[in-house]
Every structure is written in structure tokens, then in C-alpha cells.
Amino acid sequence: MKLKIGNHEATQLRSRIAGIGLTQKQLADKLSVSERYIREILSTNKTKSIGVDKEKMEELLALLGIGSDHIFGAKGMIQTDGNPQLESYVKKLKGGMYKLLSKDTPEETHNQQLAHYLQEDKAVNKTMGFWYTLIVKTIADKYKVMRHFFDENDFFSVIPKTGYWRKFRHDASLHKNCYFSFKLTPKSKNSSFKIAYTLESPIDIGSLIPRKIKIVFGKIECMDDCIVVTQFHDTPGSYKIKTADEIIVTLWLDEANHDFILMCDDDFELHTNNPNAPDSYPLGAKTKREVRELFHELGTALFPRNHIFHRAGRHDMGDDPIFFWNNRKFIELNADLTAALLEGK
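This text gives an overview of the structure that appears in the document. (Residues numbered from 1 in each chain as written. Predicted model: local features only at pLDDT ≥ 70, side-chain atom pairs only at ≥ 80, totals over all residues. Heavy atoms only, no water.)

Quick notes on the overall build of the protein
Regarding its fold elements, the protein presents 14 helices and 13 strands. Sorting the 345 residues of the protein into buried and exposed places 45% on the buried side. Put simply, of all contacts in the protein between residues at least 6 apart along the chain, 73% involve residues at least 24 apart. Accessible surface computed for the protein: about 18,400 Å², of which carbon and sulfur atoms make up 50%. (Helix = DSSP H or I, 4+ residues; strand = E, 2+ residues; numbered from the N terminus. Buried < 20%, exposed > 50% of the residue type's maximum accessible area, 1.4 Å probe, protein only. Contact = heavy atoms within 4.5 Å. Areas by Shrake-Rupley, 256 points an atom, 1.4 Å probe, with all protein chains shown as cover.)

Laid out in C-alpha cells, this is it:
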């Protein structure tokens, strides 16, 4: 699918490129395209629009760190409403998934409710695609409150519409089944971030059906006296760490390739390595011991191995005990959370 870059879009792109101090050559090198191609895209004297691949536009906007509305305005990037081919595909998916989930199972009532929800919910019906077989059945069997999973995710909008964003790639051939630390530097006080990862289909179903989806799994909110970390699909659901001007974030890298996406209403910087800063905490792949030492000082926003998807068997207790509950400073700062857990609330 091609996205149209006219003179207006080129002007908006030029403004952001100048604002962050990139040259056209640097931009071409980072995107692995020719400098001539970049000049054509950024020309403000076009007689007709230039078509740019959606994947290349994703890389460009991620590099510039801006949402699609910065360039395309209220008209957005992609219009799918009223497309008969897509609507026919969605109808087939809905019917097939309803049949799958309506079969007799040990959780028949839950699956029946989920099947009806997937049939009727308008927001869900707008995000049909390969992820039905990849995600819905597996997650539906685990998460009983399925609506919350959908409510927090605009699956096919990998590129945010508004605000600012950055991403980095997890290549499982380089690192897997380990922790990874990166750094966020907000440019505004009290910034709030959402963090997501992508899942990709190895099969190209068709030009209308996206091969990649985005799943938002957490939030990081900068307060005056602390940083609040929220995990949408894991426990503890929300907790506090000490405040900092630069936020170290640590998460688990599994065996799949992902893009990790950071989104914020305000501009910010993302760093995944710091080889020229020997006095600071080293970023990149980390051992569990390194993460524990940092988190026991409440020095990182931590998203540990997911209690459903990343644990090796029923007897694996995960990393929660050593990170959260064997941590005096964590318990002191999160006294309300600890009290609620002890009281069974």
C-alpha cells in the first residue's frame, strides 16, 4: 500500500527534520534509500503526489518520532471504510471465529460470551486480520475479561496518530530470553508514556490486510514525587518507583522478533545503548542479577516476564518474588499496594 506525499506533507516533514537537526543524507542513510529519493519526497514543488510504501513511511515517522497527524492532518493515513473487499473479508473472519469459539469446551459459557462480543463490538470489528488466529484464541483462553485487552489496543495503528513516538527492534537472533534496559529522556515535566510491542505474520494475506499489529502492554507516568508504572496484562497492575529525570526501563525479550514502541504526548528521546557514558548504568541485554540490583534501588521501570506467556511450566514462579516482594524499598514505597494484597483485596 502506497501513501501519498504531496507538497503539504513535504512541508510538514521538512519542518520536523529541521527541528531535530537531520540532514537529507543522514535521513537517506538511516532509511537505506537514495538521497535523490529523499529529495523527491521532500520537494515542495511537486506537480503530483509521490507514493511511499507504508512500511517505509512507518520507518520515516519512527525516525522523526512523530504521529501521522503531524504530516497528514485530520484526513489520516489510510481510509478503509466502505471498502467492499475488506468488509467481505471481515465478515468471513467473524463467522469463522464465532464457530471456533462457540464449540463445546470446558469453558463453554466464557467462549460463548466472547464469541458474541467479537461478533457485535464495533471497535473490534474494525481491527480484523491475521491476529484472530494468532492472538484471539490463545489470549481468550487466558484472559477472562477479554474486553479490557481490546480496549487498551488499537491493533493496526502501529504508527500513532498523535503525539510523539520512538521504536527499537528486537532481533531474537542477537538476544532472547533475557532482560533488556533502555532509557527515556522526557523533554517535558510529568510526561506519560505508553509502551507496546508488535507481532508480525509471516504470511502476506493481501494488500488490504496488515501483517503487523501493535499491543500496548504498559504505561509509565512521571509524577512530582515518583514514577508510576502500570502493567495492563500482568501483576502487580500498578506500582511506584523513585522519580528521575532520565527513566531506565527494563523488559523481557522472549524468542520472537518484535518492534518495541514508546508513545508520549510530549517529545522525548530514546536510547538503547550508551557506550560513551561509562559512569551511567549500562543499557542493553541484562542478567537477572543486574536487573535485581537496579530494581532493588527502585532505579528502573520494570516489566518482568509475563506471568502467562513467559513462564516455563506450572512450577515456574516467575521473577515477581525476587523483584517485587523481596524488596524492602519497593514494599515501603508501595505500602498501599502491599496492604491490599495482604488483605486479599
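Things to note about the environment of Val33
Locating Val33 in the fold gives a position in the loop between helix 2 (24-31) and helix 3 (35-42). Taking the C-alpha atoms as reference points, Val33 and Lys56, 23 residues apart in sequence, are found 9.6 Å from one another. Ignoring any residue separated from it by four or fewer positions in sequence, one finds Val33 in contact with Ala28, Ile38 and Lys56.

Concerning the nonpolar core
Of all hydrophobic cores here, the largest spans 34 residues; its most connected members are Phe182, Leu184, Ile220, Val249 and Leu251. Counting residues in hydrophobic clusters, the runner-up holds 28 residues, among them Leu22, Leu27, Val158 and Ile261. (Core = buried A, V, L, I, M, F, W, Y, C linked by side-chain atoms within 4.5 Å.)

Observations concerning the sheet that holds strand 5 (residues 192-200)
The 6 strands lie next to each other as 3-10-5-6-7-8, forming an open sheet whose pairing is antiparallel. Among the strands making up the open sheet, the edge pair consists of strand 3 (164-170) and strand 8 (238-241). Across the sheet, the mean angle from the axis of one strand to that of its neighbour is 25°, orientation sign disregarded. In the sheet, strand 7 (residues 227-231) pairs with strand 8 via 4 bridges, with the strands oriented antiparallel. Note on strand 8: the bridge partner recorded for Thr230 is Ser238. (Pairing = 2+ DSSP bridges. Axes fitted to C-alpha atoms, helices over the stretch in contact; angles between N-to-C directions.)

A few points about helix 1 (residues 7-20)
Over its 14 residues, helix 1 extends 20 Å from the first C-alpha to the last, a length consistent with the 20 Å expected when each residue adds 1.5 Å. Of all the residues in helix 1, the buried ones are Glu9, Ala10, Leu13, Arg16 and Ile17. Here the buried residues of helix 1 occupy an arc of 130° about the axis, which is enough to place them on one side. Opposite the buried face of helix 1, at more than 90 degrees from it, the exposed residues are Ser15, Ala18 and Gly19. Looking at the buried side of helix 1, the elements it contacts are strand 1 (2-5), helix 2, helix 3, helix 4 (54-64), helix 5 (69-72) and strand 3. Following helix 1 by one or two positions, Gly21 adopts a phi angle in the positive range, close to 75°. (Expected span 1.5 Å × (residues − 1). Arc of directions from axis to C-beta.)

Focus: the packing of helix 1 against helix 4
Taken N-terminus to C-terminus, the directions of helix 1 and helix 4 make an angle of 40°; their axes are 10 Å apart at the nearest point. As far as their axial angle goes, helix 4 and helix 1 are oblique. Contacts between helix 1 and helix 4 involve Leu13, Arg16, Ile17 and Ile20 from the former and Leu60, Leu61, Leu63 and Leu64 from the latter. (Parallel < 35°, antiparallel > 145°, perpendicular 65-115°, else oblique.)

Here's the deal with the pairing of strand 10 (residues 258-264)
The element strand 10 is extensively covered by neighbouring structure, given that 7 of its 7 residues are classed as buried. Going residue by residue along strand 10, you find His258, Phe260, Leu262 and Cys264 tucked away on one face and Asp259, Ile261 and Met263 tucked away on the opposite face as well. Relative to strand 10, strand 3 runs antiparallel, the two sharing 7 bridges. Residue pairing in the sheet places Tyr164 in a bridge with Cys264 of strand 10. Pairing analysis gives 5 bridges linking strand 5 to strand 10, with the strands arranged antiparallel. The residue bridging Ile195 from the neighbouring strand is Leu262, located in strand 10.

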